[in-house]
Amino acid sequence: MTVTGFRRTTLAFALGVLLFASAGRAESGPLEPLTIETDAKVHAIEVEVARTPEERGIGLMHRTELAPDRGMLFDFGATRPVAMWMKNTLIPLDMFFADQSGLIVTIAEYTTPLSEKRIRSGQPARFVLEMIGGSAQRLGIAPGDRLRHALIEQP
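Peer 1: Explanation requested: the environment of histidine 43 in the structure shown.
Peer 2: Its location among the elements puts histidine 43 in strand β2 (residues 42-50). A C-alpha to C-alpha distance of 9.6 Å links histidine 43 and leucine 147, two positions 104 residues apart in sequence. Ignoring any residue separated from it by four or fewer positions in sequence, one finds histidine 43 in contact with Leu34, Thr35, Ile36, Thr38 and Leu139. Here leucine 139 takes part through its backbone oxygen, which lies 3.0 Å from a polar atom of the side chain of histidine 43.

Pasting the structure below:
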C-alpha cells in the first residue's frame, strides 16, 4: 500500500468511527415532559417528539442506548391505523399506541431490533410512544392507561 493509499484508508476509517459514534447518540433533539398514568402510579419521563414525516421516518434509528426514563413520542396528526418498524433500530423497544386523548389502545413489547416487519396498532391511534424494551412490564403499563403531553388533548 502506498502512503497515499494508507492516508485514504486511515481517513475513511476515522470518518466511519466518527459517523458510528454520532449515530449512537443518546438523544438528538430537545426533551419534553410526558407522563404515563397507570392505576398504581404516574410515571414522569422525558421524550423527543417526532412531528414531521422526516422525524418519524428516522425515529430512534441507530441509537445504541436509551435511558429508562426517556422515549420518543410520534405524532401522526390524526387518529388512524398506524404501523411502525424497527429498520436500523439497534435496541429492543416497547411501543405504546394511543388515541387522540392519550388513551393507550395497544402495546407492542420487546420489538425485534433491525426487523422490517410491520408492527401494527391493531386499533386507530394518533400517537406512539417508544421506550426501551421492558418498560411496559417494569412500569406496569397496560392498555387503558393514559399518556399526558402538551400535544395530547385532555379528555
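Peer 1: Where do I start with the packing of aromatic side chains in this structure?
Peer 2: Within a pair of aromatic rings, the relevant descriptors are the distance that separates the centres and the angle that separates the planes. Scanning the entire structure with this criterion turns up zero aromatic pairs. We note arginine 118 situated over the ring of tryptophan 85; from NZ or CZ to the ring centre the distance is 4.9 Å.

Peer 1: Can you help me understand the pattern of salt bridges in this one?
Peer 2: Once the charged atoms of two side chains with opposite charge are near each other, the side chains can pair. Under the criterion given, the structure shown has five salt bridges. With a shortest N-O distance of 3.2 Å, arginine 70 and glutamate 46 are connected by a salt bridge. Of this pair, arginine 70 sits in strand β3 (residues 70-80) while glutamate 46 sits in strand β2, placing them 24 residues apart in sequence. According to the relative accessible area criterion, glutamate 46 is partly exposed, its value standing at 33%.

Peer 1: Teacher, can you tell me more about the sheet that holds strand β8 (residues 125-132) here?
Peer 2: In any sheet, the strands associate via hydrogen bonds between backbone groups, in a parallel or an antiparallel arrangement. What the seven strands build is an open sheet, ordered β6-β5-β8-β3-β2-β1-β9; its pairing is mixed. Either end of the sheet is taken by a strand with one partner, and the two such strands are β6 (104-108) and β9 (146-148). Within the sheet, the average angular offset between the axes of one strand and its neighbour, ignoring direction, is 30°. In the sheet, strand β5 (residues 93-98) pairs with β8 via six bridges, with the strands oriented antiparallel.

Reading the values: the criteria
Residues numbered from 1 in each chain as written. Predicted model: local features only at pLDDT ≥ 70, side-chain atom pairs only at ≥ 80, totals over all residues. Heavy atoms only, no water. Helix = DSSP H or I, 4+ residues; strand = E, 2+ residues; numbered from the N terminus. Contact = heavy atoms within 4.5 Å. Polar contact = N/O pair within 3.5 Å; in protein donor to acceptor, adjacent residues only side chain to side chain. Phe/Tyr/Trp six-rings, centres within 6.5 Å; stacked < 30°, edge-to-face > 60°. Lys NZ or Arg CZ within 6 Å of the ring centre and 35° of its normal. Salt bridge = Lys/Arg side-chain N within 4 Å of Asp/Glu carboxyl O. Buried < 20%, exposed > 50% of the residue type's maximum accessible area, 1.4 Å probe, protein only. Pairing = 2+ DSSP bridges. Axes fitted to C-alpha atoms, helices over the stretch in contact; angles between N-to-C directions.

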